[in-house]
Amino acid sequence: MLLEINPENPQLRLIQQVVEKLHNGAVIVSPTDTGYGIGCDIFNPKAIRRVQQITGRPENKPFSFMCSDLRHISEYAHVSNTAYRLLKKCLPGPYTFVLPGTKLVPKIMLTKQKTVGIRVPGHPISRLLIATLGHPLLNASVPTADDQPAPGEPFLIDELIGNRVDLIIDGGQIIPDPSSVVDLTHDTPEILRVGKGDISLFR
């Protein structure tokens, strides 16, 4: 099912429809500033297992998740003063940050080291969706053959995995460009993956 939502001024009533489905365990595809991704409520284990099956991701490799803002991050991760300054400088934006998780994070979303990968996307649809949901939204890449980039057009994603998810939000074309991944668990930031976003802030 494709649901068209305005990417610049998302209609709240449509976002609320999506949120109702998420509360009921739906798995969706939604737009972010780095492309379309698969998501679900991180507090729904059944939905998370569905995402694991769709993506083929091993259970011992947790997914990252998206928060609505910096205050929201501080509920789910321990943020040092150094990390806070960096987060404040570059969020929302196309970055995934590795941080120590808090007790609020479900075990299925934690690594063995009790860390989490967290994003605050800059896309208006994803920001409003997470804020309205009130919980972080799991964030996973759309699976493709031979690890090709995921399609940037919602109708192509529908052809690819539409029968395996409950809803695809159509926010227009987005050319996939993966986020930069930065480890902030220590005093010195460590760049784990160079992607979209200025990484000179962390050098």
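Scroll up for the structure.
Structure report, in brief. (Residues numbered from 1 in each chain as written. Predicted model: local features only at pLDDT ≥ 70, side-chain atom pairs only at ≥ 80, totals over all residues. Heavy atoms only, no water.)

A word on the overall build of the protein chain
Each helix and strand counted, the protein chain has 6 helices and 10 strands in total. On C-alpha atoms alone, the protein chain measures out to a radius of gyration of 16 Å, which is about the 17 Å that the 2.2 N^0.38 rule sets for 203 residues. In the protein chain, the proportion of contacts linking residues at least 24 apart, taken out of those at least 6 apart, comes to 65%. Of the roughly 10,100 Å² of accessible surface on the protein chain, a fraction of 48% belongs to carbon and sulfur atoms. Across the protein chain, the mean location of the 21 positive side-chain charges is 9 Å away from that of the 20 negative side-chain charges. (Helix = DSSP H or I, 4+ residues; strand = E, 2+ residues; numbered from the N terminus. Rg over C-alpha atoms; globule rule 2.2 N^0.38 Å. Contact = heavy atoms within 4.5 Å. Areas by Shrake-Rupley, 256 points an atom, 1.4 Å probe, with all protein chains shown as cover. Lys, Arg positive; Asp, Glu negative; His and termini not counted. Charge placed at Lys NZ, Arg CZ, Asp CG, Glu CD.)

Details of the nonpolar core
Grouped burial of nonpolar side chains is what soluble globular proteins tend to show. By size, the foremost hydrophobic cluster in this structure holds 43 residues, and its most contacted members are Ile38, Phe65, Ile73, Phe97 and Leu138. The set of elements that each furnish at least two residues to this core consists of strand 3 (35–39), helix 2 (45–55), helix 3 (70–76), helix 4 (81–90), strand 5 (95–100), strand 6 (115–119), strand 7 (137–141) and helix 6 (154–161). Residues within four places of phenylalanine 65 in sequence aside, it is in contact with Ile42, Tyr76, Val105, Met109, Val116, Gly117, Ile118, Arg119, Pro136, Leu137, Leu138 and Asn139. By size, the runner-up hydrophobic cluster in this structure holds 17 residues, among which are Val18, Ala26, Ile28 and Ile169. (Core = buried A, V, L, I, M, F, W, Y, C linked by side-chain atoms within 4.5 Å. Buried < 20%, exposed > 50% of the residue type's maximum accessible area, 1.4 Å probe, protein only.)

Here's the deal with the pairing of strand 8 (residues 167–170)
Both strand 1 (residues 2–4) and strand 8 contribute to a ladder of 3 bridges, which runs parallel. The residue of strand 8 that forms the bridge with leucine 3 is isoleucine 169. (Pairing = 2+ DSSP bridges.)

Remarks on the pairing of strand 10 (residues 190–193)
Here strand 9 (residues 180–183) pairs with strand 10 via 3 bridges, running antiparallel. Each residue of the ladder has a partner; that of aspartate 183, found in strand 10, is glutamate 190. Between strand 9 and strand 10, which pair antiparallel one after the other, the connecting turn spans 6 residues.

Digging into helix 5 (residues 124–133)
For helix 5, every residue scored as buried is listed here: Ile125, Ser126, Leu129, Ile130 and Leu133. Each buried residue of helix 5 lies within a common arc of 120 degrees when the element is viewed along its axis, so the set occupies one face. Downstream of helix 5 by one or two residues, glycine 134 has phi in the positive range, about 85 degrees. (Arc of directions from axis to C-beta.)

Re a nonpolar patch on the surface
Taken together, Leu2, Phe155 and Leu156 make up a surface patch of nonpolar side chains, about 250 Å² in accessible area. When you line up the elements, phenylalanine 155 lands in helix 6. Residue phenylalanine 155 is classed as partly exposed on the basis of its relative accessible area of 45%. (Patch = residues over 30% accessible without salt bridge, like charges linked within 9 Å, V, L, I, M, F, W, Y side chains within 5 Å. Salt bridge = Lys/Arg side-chain N within 4 Å of Asp/Glu carboxyl O.)

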